[in-house]
Amino acid sequence: MAQLDIHRLTKRYGEFHAVREVSLSVADGEFLVLLGPSGCGKTTTLRMVAGFIEPTSGHVKLGGGDVTLLPPWKRNAGMVFQSYALFPHLTVAQNVAFGLEMRKLPRPDIDKRVDEALALVRLGGLGARLPRQLSGGQQQRVALARALAIRPDVLLLDEPLSNLDAKLRQEVRVEIRELQRQLGLTTVMVTHDQEEALTMADRLVVMNEGSVHQVGTQRDLYERPADRFVAGFVGRTTFLAGTVEAPGRFRTDGGLGLAIVGDTTGKAALSLRPERLEIAPGPLPELDNDLSGTVEFVSYLGAQIDIHVRLSPADRLVVQIANRGGGFAPEVGQTVHVGWQAGAGQVFAD
Ligand code: ATP
């Protein structure tokens, strides 16, 4: 295993920047997830690390050595694709052996490593089958075995679970994570599935429009989002548009005056996480902000209830309450109070 360093990696197609100056370090044995909306440049970044796409500029270093100009099979990166990319006419064992043959290992070594890799993904004994004789989950494990057989310095996973059904996804997620830990594999995974990213990663990279917006742990991204994009992308939030009129004072475009923490004046958005808000039938005088509003919509989600409250013609927010049974359960049309401490909101300048 090895450390992976990406330095100012850029891919341009004509004038279009698919990836723009991305720099990242992945520690030995770390599981890093690239997360972002469709088209943000995640896959292009991963493919540049694997060697399938040539960067316009920038560098990729693996274990300290510069591999930017090496072809895929010379950089010892194991890649797993969303589509599995197994050769349909080759047996499972031949598929797993493929990378080892490319590297011209002696036959006995190849056979040994194929057996080891299939045992690791719990497919021992299925080496003689063809891919079409396996389930989707098993095929994905063959793809994983093929990547592991080369004993890669870095494991690269490109949306590896998105072709599996929901239940299987959760199982394979845990399997991959446990295997990764057991082998101490330096791993980079691409996904647009937030839950998958949050459950699997040691650290996450949030990308948008080819650039990195923030790198951090789940807690960093949720509690201290670097910008408005990250606040809106990771977890749920309501943004109220308005202006910071004076230090600590925010006025929404709908005319509500709110207490905030922040002193840079000017146009801004106030981000309020639904679970950080209080809701009650009457005033909440102990809180810095206490507003009355009308319930417009209620979503009953079992463990939690989402309540959409209209505070002014231009301002509506979502409050989430835990369903503890028998508590306050507002109904559509009811007048309620919504409150929060100034520090519960986050202000992002426009
Ligand atoms: P998704 O989750 O949809 O796979 P992604 O974040 O992985 O998205 P990329 O596949 O990395 O996105 O693509 C980033 C951007 O680069 C997209 O806007 C895409 O259209 C563009 N792009 C990718 N390959 C090419 C190409 N060969 N020529 C031109 N543009 C490309």
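Just above, that's the structure.
Conventions and cut-offs
- Residues numbered from 1 in each chain as written.
- Predicted model: local features only at pLDDT ≥ 70, side-chain atom pairs only at ≥ 80, totals over all residues.
- Heavy atoms only, no water.
- Pairing = 2+ DSSP bridges.
- Helix = DSSP H or I, 4+ residues; strand = E, 2+ residues; numbered from the N terminus.
- Axes fitted to C-alpha atoms, helices over the stretch in contact; angles between N-to-C directions.
- Phe/Tyr/Trp six-rings, centres within 6.5 Å; stacked < 30°, edge-to-face > 60°.
- Buried < 20%, exposed > 50% of the residue type's maximum accessible area, 1.4 Å probe, protein only.
- Lys NZ or Arg CZ within 6 Å of the ring centre and 35° of its normal.

1. Brief notes about the sheet that holds strand S17 (residues 304-312)
Phase 1 of the analysis: Spatial strand order, S15-S19-S16-S17-S18: five strands in an open sheet with antiparallel pairing. Two strands in the sheet have a free side with no partner beyond their single neighbour: strand S15 (278-280) and strand S18 (315-322). Sheet twist, expressed as the average angle between the axes of neighbouring strands with direction ignored, equals 40°.
Phase 2 of the analysis: The pairing of strand S16 (residues 289-300) with strand S19 (residues 335-340) spans six bridges and is antiparallel. Looking across to S19, one finds that asparagine 289 is bridged to tryptophan 340.

2. Focus on the packing of aromatic side chains
Phase 1 of the analysis: Scanning the entire structure with this criterion turns up three aromatic pairs.
Phase 2 of the analysis: Considering the side-chain rings of phenylalanine 52 and phenylalanine 81, the 5.8 Å spacing of their centres and the 55° angle between planes classify their relative orientation as tilted. Remark: phenylalanine 81 occurs in the loop between strand S6 (77-80) and helix H2 (92-102) and phenylalanine 52 occurs in the loop between helix H1 (42-50) and strand S4 (57-62); sequence separation between them is 29 residues.
Phase 3 of the analysis: Given a relative accessible area of 16%, phenylalanine 81 falls into the buried group.
Phase 4 of the analysis: The interplanar angle of 15° and the centroid separation of 5.5 Å between the aromatic rings of phenylalanine 229 and phenylalanine 233 together place this pair among those described as stacked. Here phenylalanine 233 and phenylalanine 229 lie together in helix H8 (residues 228-233), a separation of four residues that amounts to about one turn.
Phase 5 of the analysis: Given a relative accessible area of 23%, phenylalanine 229 falls into the partly exposed group.
Phase 6 of the analysis: Owing to a relative accessible area of 18%, phenylalanine 233 belongs among the buried residues under this scheme.
Phase 7 of the analysis: Across the ring face of phenylalanine 239, the terminal group of arginine 228 is positioned such that the distance to the ring centre comes to 4.2 Å.
Phase 8 of the analysis: Note that arginine 273 overlies the ring of tyrosine 222, its terminal NZ or CZ placed 3.9 Å from the centroid.

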